[in-house]
Amino acid sequence: MEKFLLVLLLASFQIHSQTLTDSNLPIVVITTPSGQSIQDDPRIVCNMGVIDNGFNVRNYITDPFTNYDGRIDIEIRGSTSQQYPKKGYGFETQDSLGANLQVAILGMPPENDWILNGPYPDKTMIRNALTFDLARKMGHYASDYRFCELVIDGDYRGVYIMMERIKQDLNRVNIAELDTPNQWGDTLTGGYIVKVDKLTGEVGYSWISNYDNEVVFQFHDPEFDELNALQASYMENAIVEFEDAIDGPDFADPNLGYPKYIETESFYDFFILQELGRTVDGYRSSSFLHKDKDGFAWNAKLVAGPMWDFNLSYGNADYCDADLTTGWQYNFNNVCDFSTSIPFWWGKLLQSPTYANGLKCRWQELRSGPLSTANMQNFIDSVANYIQEGRIRNFQRWPIIGQYVNWNGFVGQTYQEDLDYLKTYVADRANWIDNNLSGTCDLSYSEQNFDAEYHKIWPNPSSNNLNLGISLFQQGEVDFIVYDMTGSVVFEKNLGKYNVGTHAFNLGNLNVQFGSYLYWVKVNGELLYRGKLVRL
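Residues numbered from 1 in each chain as written. Predicted model: local features only at pLDDT ≥ 70, side-chain atom pairs only at ≥ 80, totals over all residues. Heavy atoms only, no water.

Engineer: Explain empty space enclosed by the protein here, please?
Structural biologist: It is a probe the size of a water molecule, rolled over the atoms, that shows where empty space is left. Inspection of the entire model under this criterion finds five cavities of 30 Å³ or more. Within this model, the largest cavity holds a volume of roughly 70 Å³. Lining the largest cavity, in full, are Pro121, Lys123, Thr124, Arg127, Asn316, Asn408, Phe410, Asp418 and Tyr421. Approximately 60 Å³ is the volume attributed to the second largest cavity. Together, Ser462, Ser463, Asn464, Asn465, Leu466, Gly508, Asn509, Leu510, Val512, Leu533, Val534 and Arg535 line the second largest cavity. By residue number, the principal contributor to the lining of the second largest cavity is strand β21 (residues 526–535), which donates three residues. (1 Å grid on protein atoms, 1.4 Å probe; cavity = no way out; pocket = protein on both sides within 12 Å on 5 of 7 lines; lining within 4 Å. Points joined across faces, edges and corners; volume = space filled by probe spheres on them. Helix = DSSP H or I, 4+ residues; strand = E, 2+ residues; numbered from the N terminus.)

Engineer: What exactly am I supposed to notice about the packing of aromatic side chains here?
Structural biologist: Both the distance between ring centres and the angle between the ring planes are used here to describe each pair of aromatic rings. Counting across every chain of the model gives 40 aromatic pairs. Summarising the aromatic geometry, the rings of Phe267 and Trp345 are spaced 6.3 Å apart at their centres and angled 55° between planes, so their arrangement reads as tilted. Taken as a pair, Phe267 in helix α5 (residues 264–277) and Trp345 in helix α7 (residues 345–348) lie far apart in primary sequence, 78 residues in all. Since its relative accessible area comes to 0%, Phe267 is described here as buried. Where Tyr421 meets Tyr425, the ring centres are 6.4 Å apart and the plane angle is 45°; that geometry is what we call tilted. Of this pair, Tyr421 and Tyr425 both sit in helix α11 (residues 415–436), four residues apart, which is roughly one turn of that helix. Through pairs of rings, three or more aromatic residues link up here, namely Phe242, Phe267, Phe270, Phe271, Tyr283, Trp328, Tyr330, Trp345, Trp346 and Trp432. Lying over the aromatic face of Phe251, Lys348 brings its terminal NZ or CZ to 4.5 Å of the ring centre. The ring centre of Trp398 lies 4.0 Å from the NZ or CZ of Arg397, which sits over that ring. (Phe/Tyr/Trp six-rings, centres within 6.5 Å; stacked < 30°, edge-to-face > 60°. Buried < 20%, exposed > 50% of the residue type's maximum accessible area, 1.4 Å probe, protein only. Lys NZ or Arg CZ within 6 Å of the ring centre and 35° of its normal.)

Engineer: I would appreciate a short explanation of the state of the cysteines in the present structure.
Structural biologist: One pass over the structure, following the stated rule, counts two disulfides. The partner cysteine of Cys320 in its disulfide is Cys336, sulfur to sulfur 1.9 Å. Handedness of the Cys320-Cys336 disulfide follows from its S-S torsion of about -105°: it is left-handed. Here Cys320 is found in the loop between β14 (303–304) and α6 (332–335), whereas its partner Cys336 is found in the loop between α6 and α7, with 16 residues between them in sequence. Pair check on accessibility: Cys320 and Cys336 agree, each one buried. In this model Cys361 forms its disulfide with Cys441; the gap between the sulfur atoms is 1.9 Å. Sign of the S-S torsion, about 110° for the bond between Cys361 and Cys441, identifies this disulfide as right-handed. Note that Cys361 is positioned in helix α8 (residues 353–367) and Cys441 in the loop between α11 and β15 (455–458), a separation of 80 residues in sequence. The exposure class of Cys441 is partly exposed, given its relative accessible area of 22%. By sequence order of its bonded cysteines, the chain has the disulfide arrangement 1-2, 3-4. Cysteine Cys148 is unpaired, with the sulfur of Cys46 as its nearest cysteine sulfur at 16 Å. (Disulfide = S-S within 2.5 Å.)

Now the structure itself:
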């Protein structure tokens, strides 16, 4: 009965010059206890209801809560974003006793840790979604998300993005859960999520780079207070060892340098997305790395990502050249003097011809697929069309179209002008990278042209006609095997017997469903190479 009275009240509530009666987007309704408001700290317990009647079915404020109706523990989140009147929120879903409750909110995989992101300086409200979508199409985890409209205590707050918080989880950053009781051996080596970030918000233990006291590392998941001394020391030392290797004279050596420490393709893709967006905070803030257990994962080196916080990207910042479509963001330290710096290794890695050539090949592969100008602009248009009626209400609630908001690099007089600016920026920036990225690459299938130091699979992501190049250090029978994420074999091919040297193979079409897969290359029945493959 109380819930029925509540929805009737909301149905008739005049909300800042417009009434929210129904929407094509899901509607999230939060009710705080009497006399309390949501603060940065501490969290408060509220009730949250979600109205989501399904795809292409309208959602009415008078409808029952169809997706979730229960307790949450919520706070305002963010760093510089807290200056904006439209706040972002972090919350956990809980049972009646306050314990974590795994919930599949808006069709996303079950978890208890969520974020309501309120786009404000990004007036298109698309920049984060675009980046997450690209990262997923490139074969990496990125936070799943859903657009929705938010009401708190009868007050319409606008269009929000319900998204996954970055954390260790089978359906999020899929690395092993750190085993606290067993601190020795392989269990000590993973999994960890750390970040390079500024010292704002809730910061536990952090440490600075030995090469730049303005590069700060922090534990993200597990957080520092969940770690013991051995675990914290292990991961800190792993970063120190990595930086020492990159700074050393053998930084490009296949056995002593970067190939020993990093999952190279993840570093390529992190670089590509940071540079495409020319993210003003890129590399030096909200920049994540993660590491799995040595004996548990398909690749337990340092992995760059997931991507995060792209509101001030794609030309949407008016300082430190961030609105330019020219220039490299990894050179930020030469442009601006801030309290946080970009780690030196992003530039140093490019001094390796092998790394630079691989990056060039990866960029060209992606430009023929998810990073083609047409694909990116079509995605922007499709999201703009989907959120159209909600964003009209949003900008009635927050009338900032045509007004400068810190730190807009462009101020359109209409939403369409802001949207067109984003689309033009993406096209011009990608074209500039086309013409200025160092390295050389020949993507054609040719054993003579293939010059792999170890191995390569291309194009990746792939829709058909997959190629494999390998270097063999002993004569042997070569097998190529593809596994799905459950460990089941979905493709297997014997490639024949080959001598020591470099070889390339055309694997054709694997005939597997869309998604992410792991592949192994075996020689004489023993694993030689492994990696990740994305089927488009």
